[in-house]
Amino acid sequence: MDATLLDAEAEAAVLRVYRQVFAVLAREAGAMIVDPDLLDADQAILDAFAEAGSDGLTVEQATLACRAYPHDVIVRRFEVLRQYGAITKLVDRPNELRHRAAFAPYVMLMFLRRMSVQGGQAELHQLLTLEAHSVSDPQATADEGKASIGRMTKVFRLLGNELAILVSTSTTAQLRENAQLAWGNERLIEQAEKVHRIVLERWPELHRDCTSLRMALAAYADAVQLAAGRLVERAGTTRALGLLPMETWLTFTRSSEPDALAAVLDGLLFDAAAPDFSPQTMVEAVETGRRSGSARMAPPRPTADADAPESAAATDREDLRAEAERVLAGRSEVDIVEVIDEAGDWITARRVLAELTAAHLHDELDYELVWSDGMRIDPSAGTPWATEGVFRRVAR
């Protein structure tokens, strides 16, 4: 009887920790969370507990600390966390108002954040490193080596299967959204092969298990190549850059000169003063603008040259020239801040800036738009803040 009670107590302790960990995934008792914004609310609550110290918090204090979120949202999330044991009374008595928070839910939030950004790749790198240390231990047994090989085989089979299914059944957009599955794949395969070599050298009798791991690695590598090939074929190389590991992007941004980083946005004009669009919409607009359309053909000329209409390209060029000369008003250059102020409001100013940008990029027009690092801020102006720069004529 004692052994049964001890077993039940141990199982209850494990269940209690699991309930704390997964409290952040519960919309309410017995229901999974469906709104990612609720994770931010949970993190704000746990951050408030971390700052409160050993005195804990009441519900009212938690809502005050998280006033950036709606009051009813914080109260509801507080109650859900309390139901799952992530938040408990400071002292277990009926009229206790102060609460304390467990650290396990915050660890779960950190894990979820990393998973959402890197698709679990960082965790997989750590797992492979731990497996290498485990099988290298002098006290490790053949059973432990077999278990390690088995775990790795299943992981890479799941990765390879998921990528293969995405390649064969998903749209290009869905495949691009799941491109993090292929991040750092060469390094992952190298780590797995290292564990494979250690196990095979120490326990040759496990050659069958090692063969299964090699097959899983080969299938994963093939799936990655197919995924990358489809992205390049259907979406263009510039939209397949999600296949690069995060470290590559960090190295590029840290080691590149400002001119190289700024060149990425050369020729693009963003409506920063009126951000009425979501980031995803802006990304789609930029990608659409990058696509090369079919060349616009001039209409056939009539036999009489005197009556031949001017081509659309020539008309666009002259319209841009007229707008540029209107802005310059006989001067060799003009300040961009002055142009924006003369426009009166941002709606008009952004149209003028778009015309000046087009004139700057036109090969047949002798105008240049140069931005500087300064910024004018004037709350009383029609456009309160404006980046400094000049629009000028150039000799080509």
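This text gives an overview of the structure that appears in the document.

Cut-offs used in this document
- Residues numbered from 1 in each chain as written.
- Predicted model: local features only at pLDDT ≥ 70, side-chain atom pairs only at ≥ 80, totals over all residues.
- Heavy atoms only, no water.
- Pairing = 2+ DSSP bridges.
- Helix = DSSP H or I, 4+ residues; strand = E, 2+ residues; numbered from the N terminus.
- Expected span 1.5 Å × (residues − 1).
- Buried < 20%, exposed > 50% of the residue type's maximum accessible area, 1.4 Å probe, protein only.
- Core = buried A, V, L, I, M, F, W, Y, C linked by side-chain atoms within 4.5 Å.
- Contact = heavy atoms within 4.5 Å.
- Axes fitted to C-alpha atoms, helices over the stretch in contact; angles between N-to-C directions.
- Phe/Tyr/Trp six-rings, centres within 6.5 Å; stacked < 30°, edge-to-face > 60°.

**With respect to the pairing of strand β7 (residues 385–393)**
Across three bridges, strand β5 (residues 333–335) lies against β7 in antiparallel orientation. Paired with Val 334 across the strands is Phe 391, a residue of β7. Here eight bridges tie strand β6 (residues 367–377) to β7, and the two strands are oriented antiparallel to one another. Within β7, the position partnered with Ile 377 by the bridge is Trp 385.

**Here we look at helix α2 (residues 37–52)**
Between its terminal C-alpha atoms α2 stretches 23 Å, which fits the 22 Å expected from 16 residues at 1.5 Å a residue. For α2, the full list of buried residues reads Leu 38, Leu 39, Ala 41, Asp 42, Ala 44, Ile 45, Leu 46, Ala 48 and Phe 49.

**Brief notes about the nonpolar core**
Generally speaking, soluble globular proteins have nonpolar side chains that are buried together. Among the nonpolar cores identified, the biggest contains 29 residues, and Leu 128, Phe 156, Val 199 and Tyr 220 are the most heavily contacted of them. Sorting elements by how many residues they give to this core places helix α10 (residues 207–235) first, with eight residues. Excluding its chain neighbours within four sequence positions, the residues that come into contact with Leu 128 are Met 152, Phe 156, Leu 188, Gln 191, Ala 192 and Val 195. Counting 21 residues, the second-largest nonpolar core is a separate cluster that includes Leu 320, Ala 324, Ile 336 and Ile 340.

**A short note on unusual backbone geometry**
Phi at Ala 329 is positive, roughly 55°, even though this residue is not glycine. By the element assignment, Ala 329 lies in the loop between α14 (312–328) and β5. In this structure Ala 329 comes out as exposed when scored by relative accessible area, which is 55%.

**A short note on the sheet that holds β5**
Across the sheet, which stays open at both edges, the three strands sit in the order β5-β7-β6 with antiparallel pairing between neighbours. With one partner strand each, in any of the chains shown, β5 and β6 form the two edges of the open sheet. Neighbour-to-neighbour, the strand axes of the sheet open up by a mean angle of 15°, direction not taken into account. Relative to the sheet, helix α15 (residues 336–343) contacts β5, β6 and β7, its axis offset from that of β7 by approximately 110°. Helix-sheet contacts for helix α16 (residues 346–361) involve β6 and β7, and the interaxial angle to β6 is about 140°.

**Regarding the packing of aromatic side chains**
In this description, a pair of aromatic rings is defined by centroid distance and the angle of the planes. Summed over the entire model, instances satisfying the criterion amount to three aromatic pairs. Where Tyr 367 meets Phe 391, the ring centres are 5.6 Å apart and the plane angle is 15°; that geometry is what we call stacked. Of this pair, Tyr 367 sits in strand β6 while Phe 391 sits in strand β7; the two residues are 24 residues apart in sequence, bridging distant segments of the chain.

**Thoughts on helix α7 (residues 142–169)**
Working note: α-helix, 3.6 residues per turn, so residues spaced by three or four point in the same direction. Taking 1.5 Å per residue as the helical rise, α7 with its 28 residues ought to reach 40 Å, and the 40 Å between its terminal C-alpha atoms agrees with that figure. For α7, every residue scored as buried is listed here: Gly 145, Ser 148, Ile 149, Met 152, Thr 153, Phe 156, Leu 159, Gly 160, Leu 163, Leu 166 and Val 167.

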